[in-house]
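# Reading the structure
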Amino acid sequence: MTVAPSPSSVLRIKAAAGSKAPSPASLKDRVLQAAKQCAAASRPLAAVEANYDVAARLLDQPSHLAALVDAAALTPSIARLDLRIATPELLASFLAVPSPPTTLTSLSLAVPSLAVFTAVPPSAPSLSSITKLVLSASSAAPDPATTVGPALNGLLAHFPETRSLETYFGSENHSLWGAAALDAVATRCPHLADLDTRGTGGYSHADIDRFMSRLPHLTALSVELSDDAATAAWAADEIADAPWWARLQKVTVGPNEEVGFFYRGEDAVKIVSRLRGVTELSVAVDADCVVAVAEAVVRVAAASVEEISLVGVGLGDPSARMAVEHVVANKPSKLKAVVCSEDVDDEGDAEYQKIVALAASAGVSLEYRVDAGQGPPEVVTEML
């Protein structure tokens, strides 16, 4: 497959052990020089990543953050900053940078603990230009009442225009959200259209219904379920006919890595059976229910689905082949790809070749998805 030349560049700021922190003026100049070189190569600088271990520890002063923001203000092509911030005070100083550029629309914040988000002063300014927010914390206590909910409530108040939110909380991404976190997101992000989160759970089906009903623009949803109870909450019969299911277009429903795949296949089938307008679906399944899930997709989303990912099974599994055969034989009109998560050990297997040929004849790709059009950004590394 041919991938088009990259249209943009990403600057990754790194440092070796023993490096010294640059002055803010030097840091700003290095970013501007990199931006100039990228522009000359017709790959404008779109993002600056300053969240790598050693470099992040060196760039731990408000003046360093201000220098990065100043460089972004002078380089309109820079739309994203990735930062690692150790303290609430440093985060508050970043929010207080004078005249942040309106061209800066995406921000990634990595912190050592959710306490950094919780402790940001309410009086800190807001960044209304940010529409995509990626939040990560390397550790978190398991009680959502004292961690995720207050952290999101405190931080999201400073990003009122958030349309896309991703969260990765806990060293193993399994901190439960709880109802308080759902309420915080619905309250602070009324324009939210895309939510991608790990370790969701600790709430009831009524909490889910209230949350989804308060976010009328939410059409893309990715939830990594934490346990059987979380799966059961989403699959509950009480919300089977909720109107918000129909507006979900891009959906990923998966397990926590520590839990495994859906313990109860019937819950996976229930959830999939409600996605009447889904265009891209990724669902964590096992061999026992993959066929039923495939049947459900075809039955309820035949007019809309374009891509189906069956996470946890590969085409080397007979059940997976049966599922793909069913999808292809009853091909939804817009279907372009079926993706299975595991490589096939023996691509010379006759059954495997049969299913590949069947899919090809129907115009369905079995390849891993590669974003069409413009290729991945060019990576430029700046060593401090």
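For the structure itself, consult the block above.
Residues numbered from 1 in each chain as written. Predicted model: local features only at pLDDT ≥ 70, side-chain atom pairs only at ≥ 80, totals over all residues. Heavy atoms only, no water.

## Considerations on helix 12 (residues 318-329)
To keep things clear, this is the line we draw: Helix and strand definitions here come from DSSP, where helices need a minimum of 4 consecutive H or I residues and strands a minimum of 2 consecutive E residues; each element is numbered from the N-terminal end. Residue count minus one, scaled by 1.5 Å, sets the expected span of a helix. Burial classes follow relative accessibility: with a 1.4 Å probe on protein chains only, a residue under 20% of its type's maximum area counts as buried, one over 50% as exposed, and anything between as partly exposed.
For helix 12, which comprises twelve residues, the first-to-last C-alpha distance of 16 Å matches the rise-based estimate of 16 Å (1.5 Å per residue) to within 8%. Of the residues making up helix 12, those classed as buried are S319, A320, R321, A323, V324, V327 and V328.

## Remarks on empty space enclosed by the protein
The test is simple: Of the grid points, spaced at 1 Å and generated over the protein atoms alone, those admitting a 1.4 Å probe that cannot get out make up cavities, while open sets with protein on both sides within 12 Å along at least five of seven lines make up pockets; any residue with an atom within 4 Å of a point is treated as lining. Grid points are joined across faces, edges and corners, and a volume is the space filled by probe spheres set on the points. Residue polarity is assigned by list, with Asp, Glu, Lys and Arg as charged and Ala, Val, Leu, Ile, Met, Phe, Trp, Tyr, Cys and Pro as nonpolar; anything else, Gly included, falls into the polar class.
Applying the stated criterion to the full structure yields five cavities of 30 Å³ or more. Roughly 40 Å³ of volume is contained in the second largest cavity. Taken together, L182, L195, T197, T200, Y203, F211, L221, V223 and W234 make up the full set of residues lining the second largest cavity. For the lining of the second largest cavity, the elements supplying multiple residues, two or more each, are strand 7 (194-200) and strand 8 (220-225). In terms of residue count, strand 7 provides more of the lining of the second largest cavity than any other element does, three residues in total. The class makeup of the residues in the lining of the second largest cavity is seven nonpolar, two polar and no charged.

## Considerations on the pattern of salt bridges
Defined as follows: Salt bridges are identified by distance alone: a Lys or Arg side-chain nitrogen within 4 Å of an Asp or Glu carboxyl oxygen.
All told, the structure shown has eight salt bridges when counted by the stated rule. A salt bridge links E49 to R12; the nearest nitrogen and oxygen atoms lie 2.9 Å apart. Taken together, the positions of E49 in strand 2 (residues 45-50) and R12 in strand 1 (residues 9-14) put the pair 37 residues apart, joining distant regions of the chain. Salt-bridge contacts for E161 lead to R163; the nearest nitrogen and oxygen are separated by 2.6 Å. Here E161 falls in the partly exposed class, since its relative accessible area comes to 26%.

## Quick look at the environment of S213
This is how the line gets drawn: Polar contacts, as used here, are pairs of N or O atoms within 3.5 Å; protein pairs need one atom able to donate a hydrogen and one able to accept it. Residues neighboring in sequence count only if both atoms are side-chain atoms.
Tracing the backbone shows S213 in helix 8 (residues 205-213). Its relative accessible area of 47% is what places S213 among the partly exposed residues. Sequence spacing of S213 and W244 is 31 residues, and the spatial spacing of their C-alpha atoms is 6.6 Å. At 2.7 Å, the side chain of S213 forms a polar contact with the backbone oxygen of D209.

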